[in-house]
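Each chain, letter by letter, is given below.
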Amino acid sequence: TAFGVILDGIINLDFKKVSNGVLQAGTGVENLTGKIANGAKAVGKFLDENAVKGAKVAAINRQIAQEQLKYNANQVAVNDALDEQLLISKDTSKSFAERGKAAEAIIAITEKNGQAERRILDLEFKRLKIQQSIKGEKNLTNEERQAEIDLIAKIDDAEDRGLNARLEQTRVLSGLKKE
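What counts and how
- Residues numbered from 1 in each chain as written.
- Predicted model: local features only at pLDDT ≥ 70, side-chain atom pairs only at ≥ 80, totals over all residues.
- Heavy atoms only, no water.
- Helix = DSSP H or I, 4+ residues; strand = E, 2+ residues; numbered from the N terminus.
- Contact = heavy atoms within 4.5 Å.
- Areas by Shrake-Rupley, 256 points an atom, 1.4 Å probe, with all protein chains shown as cover.
- Buried < 20%, exposed > 50% of the residue type's maximum accessible area, 1.4 Å probe, protein only.
- Polar contact = N/O pair within 3.5 Å; in protein donor to acceptor, adjacent residues only side chain to side chain.
- Core = buried A, V, L, I, M, F, W, Y, C linked by side-chain atoms within 4.5 Å.
- Expected span 1.5 Å × (residues − 1).
- Salt bridge = Lys/Arg side-chain N within 4 Å of Asp/Glu carboxyl O.
- pLDDT = per-residue confidence, 0-100.
- 1 Å grid on protein atoms, 1.4 Å probe; cavity = no way out; pocket = protein on both sides within 12 Å on 5 of 7 lines; lining within 4 Å.
- Points joined across faces, edges and corners; volume = space filled by probe spheres on them.
- Nonpolar A, V, L, I, M, F, W, Y, C, P; charged D, E, K, R; others polar.

Another aspect to go through is the overall build of the chain. Of regular secondary structure, the chain possesses 5 helices and 0 strands. Along the chain, helices (α) and strands (β) appear in the sequence α-α-α-α-α when read from the amino end. When contacts within the chain are restricted to residue pairs at least 6 apart in sequence, long-range pairs at least 24 apart make up 59% of them. About 11,900 Å² of surface is accessible on the chain, with carbon and sulfur atoms providing 59% of the total.

This next bit is on the side chain of Asn-113. By the element assignment, Asn-113 lies in helix 4 (residues 96-135). Looking at Asn-113, the relative accessible area reads 12%, which means it is buried. Within polar-contact distance, the side chain of Asn-113 engages the side chain of Gln-75 at 3.4 Å. Excluding anything up to four places from it in sequence, Asn-113 contacts Tyr-71, Gln-75 and Val-78.

As a further point, take the nonpolar core. Among the nonpolar cores identified, the biggest contains 8 residues, and these are Val-57, Ile-60, Ile-64, Tyr-71, Ala-116, Ile-120, Leu-123 and Ile-130. Each residue touching Ile-64, except ones within four places of it in the same chain, is listed here: Ile-120, Leu-123, Glu-124 and Arg-127. Leu-121, Leu-128, Leu-151 and Ala-158 belong to the second-largest nonpolar core, a separate cluster that totals 5 residues.

Here we come to helix 4. Between its first and last C-alpha, helix 4 extends 58 Å over 40 residues, near the 58 Å set by a 1.5 Å rise per residue. In the segment just after helix 4, Gly-136 is the residue with positive phi, at about 100°.

Under the criterion given, the structure shown has 9 salt bridges. Where Lys-129 meets Glu-148, a salt bridge forms, and the shortest distance between an N and an O atom there is 3.2 Å. With Lys-129 in helix 4 and Glu-148 in helix 5 (residues 142-178), this pair connects stretches of sequence that are 19 residues apart. In this structure, Lys-135 engages Glu-144 in a salt bridge whose closest nitrogen and oxygen atoms are separated by 3.0 Å. The exposure class of Lys-135 is partly exposed, given its relative accessible area of 35%.

Attention now goes to the confidence of the model for the chain. With 82% of its residues at a pLDDT of 70 or more, the chain has an overall mean of 84. Summarising per-element confidence for the chain, the mean pLDDT is lowest in helix 1 (residues 2-11) (65) and highest in helix 4 (92).

So, on to the layout of surface pockets. Within this model, the largest pocket holds a volume of roughly 180 Å³. Every element with two or more residues in the lining of the largest pocket is listed here: helix 3 (32-90) and helix 4. Per-element accounting of the lining of the largest pocket gives the leading share, 6 residues, to helix 4. Of the residues contributing to the lining of the largest pocket, the split by class is 5 nonpolar, 2 polar and 4 charged.

Relative to the helices and strands, Asp-156 resides in helix 5. Residue Asp-156 is classed as partly exposed on the basis of its relative accessible area of 37%. The spatial distance from the C-alpha of Asp-156 to the C-alpha of Arg-118 is 8.6 Å, given a sequence separation of 38 residues.

In structure tokens, the structure reads:
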């Protein structure tokens with residue numbers, strides 16, 4: 001009983017027992033101070049783990065920003081190079097070899113650009129998964145689950161850019177062989 005715990009604590013000069021006895025008398029819960037301490041430790045561990053995850057998210061945010069800056073700065077040059085090679089590949093006054101070389105350059109430029117976009121999207125996916133782990137899988141909303149699906153679709157699109165360029169340029173190359 002609570003009174004027995006208080007009395008035992010007084011006799012043995014164990015103030016933790018006295019506290020537990022008083023709390024037990026008031027709440028009916030035995031060993032409440034131990035349970036509170038264990039709960040506080042669990043909360044502390046949860047906060048520590050999520051602080052580490054938060055730091056990872058912040059680091060990934062910096063990486064995304066750096067990669068996005070590089071990607072954006074490079075886009076003008078990429079678009080100019082693609083336009084230039086596209087003109088050559090479709091110019092019937094150019095030789096088959098020149099046009100074929102331009103078509104291969106278009107494929108290479110597009111694949112490289114898709115890979116750069118993929119790196120950014122992979123970082124965004126990694127960030128999203130960490131954010132979801134902080135919230136907990138069972139606590140995710142449908143919108144948050146849809147955000148993951150949308151990001152996977154964007155990654156797939158980035159991967160397909162090189163393939164789509166290859167398909168288009170294969171048509172150009174096939175047309176060249178008929179000439």
